[in-house]
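Structural overview for review
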Amino acid sequence: MTDPLDEIENGISRAEYARALKLCQAMLANTPDHPRATFLLGRILSDSGRGRDAFTLFDKALHLGHPESETLAQQALCLMRNAQPGEALLFAERASRLNPDHAEALHALGLVYSRAERHAEATDYYERAITAHPGRAGYHLSLALNLQALGQTDAARAAYRACLDLDPANFRALGGWAHITPMSVQDVRQMEGLAPLAESARDPSAMLRLGHAIAKACEDTDQPAESIAWLKRAKSRLREERRGHEARDAAVFAAATAALSAAPRPGFSEVAPVFVIGLPRTGTTLLDRILSSHSLIESVGESRAATWTFRDLLAGRAKVVLSAETLTAATQLDPRDVGAAYYGHLGWTHARTTRPVDMMPLNFFFAPLLQRALPNARFLCLRRHPADTVLNNYRQLLENRWGHYDYVYGLDSTARYFVRFEQLMHACQQQLPPDRFCVVDYETLVSEFEPSVRRVLDFCGLGFEQACIDFHTNPAAVATPSALQVRQPIHAASVGRWKRYAPYMSEALDVLVEAGVMEAGERPLTRPS
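First things first, this report covers the structure right here in the doc.

Rules of the game
Residues numbered from 1 in each chain as written. Predicted model: local features only at pLDDT ≥ 70, side-chain atom pairs only at ≥ 80, totals over all residues. Heavy atoms only, no water. Helix = DSSP H or I, 4+ residues; strand = E, 2+ residues; numbered from the N terminus. Buried < 20%, exposed > 50% of the residue type's maximum accessible area, 1.4 Å probe, protein only. Salt bridge = Lys/Arg side-chain N within 4 Å of Asp/Glu carboxyl O. Axes fitted to C-alpha atoms, helices over the stretch in contact; angles between N-to-C directions. Parallel < 35°, antiparallel > 145°, perpendicular 65-115°, else oblique. Contact = heavy atoms within 4.5 Å. Nonpolar A, V, L, I, M, F, W, Y, C, P; charged D, E, K, R; others polar. Phe/Tyr/Trp six-rings, centres within 6.5 Å; stacked < 30°, edge-to-face > 60°. Lys NZ or Arg CZ within 6 Å of the ring centre and 35° of its normal.

Structurally, Ala 318 can be placed in the loop between α18 (305-314) and α19 (324-330). Using a relative accessible area of 17% as the deciding quantity, one classes Ala 318 as buried. Along the chain, Ala 318 and Thr 328 lie 10 residues apart, while their C-alpha atoms are 9.7 Å from each other.

Encoded structure:
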């Protein structure tokens, strides 16, 4: 007879939370103080986004005698998921000192250190988790993602394959593997054979991930029409489900623009962070890499410090952080409180001699509020060709847990989103101090690299350093889809990519031309050969 606890653990590992919850509740109904069942119920709630309830259950399990190292590791992960990275690392370090050997505890610690951008430590925990339980596909996937961030492409590719050997239908691993592997026509055909399985899955992300993987393989094999067709097929279900996003997006852009008119008040002027903002896949990672190669700059990656700041200071007055309600309410906050809270979430102190560069792209919505709160901050906004920006956003698989990227499920909606972004950034450029807000043209950055780097450094109040030109030699981890590109010297290979796809994205080009952000004469007159 199967042990119910094993069934619960297996359910959690397969993300079958409803069944695992039912089994767990049945066991606790008979034995309310069962330490392992209490702990596993905490894991189910933690994985389901109920962090506070989960943390309480972990405390109870610990009191009932559940192994401390396992419990602390899961509490650390629970805290990290609840946007409390400082506390999460304290719990992780306590768990580490107890030398945990349980696979799930080791994996949880790896996740904590990955999210804290401490990828070398995370790799050690993932490898130990795999040694303890080599048959768990998810452990190999976590290791692959971490190795990819470290630039260890061959090792990441092997870890993705190990995951797929255990779970051929793991579409996240398949997408990761395809992203870093040159694809062949045979790869396209093999992945196409998985489409019925993905489309029959209850989770629409299965087809989304597979479609993106096939689209990338079609790009590699010079099939632009097929690439776009697979993206449309992969996104069709979510496009229908998320049709209400455009009204919501329009309201957020309007509220961000209105925030430019908030009454000026003294901000937190003691510090001078650098914000790299822009739409995804427009060069934000490249610019972050250039800046963080400077001896006086340190990257904090795509930090959530801004969203955590407004979440905490508004104390539940807005249900969703990135919303019109939040942006409007935030104009009433004391700017000094906002600036101090932002720096607190970064974990920065005055003792540090470096300045942080925060490359969270969606901080462009908060730019008016952050400039008011941090008057000495610099904002560098990446601006790329409209059609390339639309195509790059559409073809990139963006993690979309909170619905911030619902616009990418349609080429036309992506174009309309770009138009709103362009209008907001134009307003920022007109109304924010010119020595604090600067638009960086991606094509100019690529074609006139050293002069552009010098201008960016001068804008940030930094002296020139050759390391910024040699950014590709920077060994620091990169946890964005551009991890491969920024480890290469500057090149213009992706400039003008949209022209190959122009015949298949006419609906988006119509939007851009009609809005006046792109000249009609730029569109190719004939189909590219």
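Having seen the structure, we can now continue with the description.
So, about the pattern of salt bridges. Per the counting criterion, the structure on display carries 36 salt bridges. Its salt-bridge partner being Asp 47, residue Arg 81 comes within 2.7 Å of it at the nearest N-O pair. With a gap of 34 residues between them, Arg 81 in helix α5 (residues 68-81) and Asp 47 in helix α3 (residues 35-47) connect regions that are remote in the sequence. Close ionic contact of Arg 500 with Asp 222 constitutes a salt bridge, the shortest N to O distance being 2.5 Å. Pair noted here: Arg 500 is in helix α27 (residues 498-501) and Asp 222 is in the loop between α14 (205-220) and α15 (224-241), with a separation of 278 residues, a long-range link. Put simply, Arg 239, Glu 246, Asp 412, Arg 416 and Arg 420 are held in one network by salt bridges that share partners.

We now examine the packing of α14 against α15. Interaxial distance between α14 and α15 falls to 8 Å at its minimum, and their mutual angle equals 170 degrees. In terms of orientation, α14 and α15 fall into the roughly antiparallel class. In this structure, α14 contributes Met 207, Leu 208, Gly 211, His 212, Ile 214, Ala 215, Cys 218 and Glu 219 to the contact, and α15 contributes Glu 226, Ser 227, Trp 230, Leu 231, Arg 233, Ala 234, Lys 235 and Leu 238. Within the contact of α14 with α15, the residues separate by chemical class into 9 nonpolar, 3 polar and 4 charged.

Two numbers describe a pair of aromatic rings. These are the distance of the centres and the angle of the planes. Scanning all chains against the criterion turns up 17 aromatic pairs. When the centroid spacing of 6.1 Å and the interplanar angle of 20 degrees are considered together, the rings of Phe 253 and Phe 364 count as stacked. Taken together, the positions of Phe 253 in helix α16 (residues 245-258) and Phe 364 in the loop between β3 (355-358) and α21 (367-373) put the pair 111 residues apart, joining distant regions of the chain. No difference in accessibility class separates Phe 253 from Phe 364, as the two residues are buried. These aromatic residues form a ring-pair network of at least three members: Phe 253, Phe 364, Phe 365, Tyr 405, Tyr 407, Tyr 417, Phe 418 and Phe 421. A cation over an aromatic ring shows up here: Arg 161 above the ring of Trp 177, its NZ or CZ 4.8 Å from the ring centre. Its guanidinium or amino end placed over the ring of Tyr 394, Lys 235 lies 4.6 Å from that ring's centre, counting from NZ or CZ.

Purely geometric stuff here, so don't read any function into it on its own.
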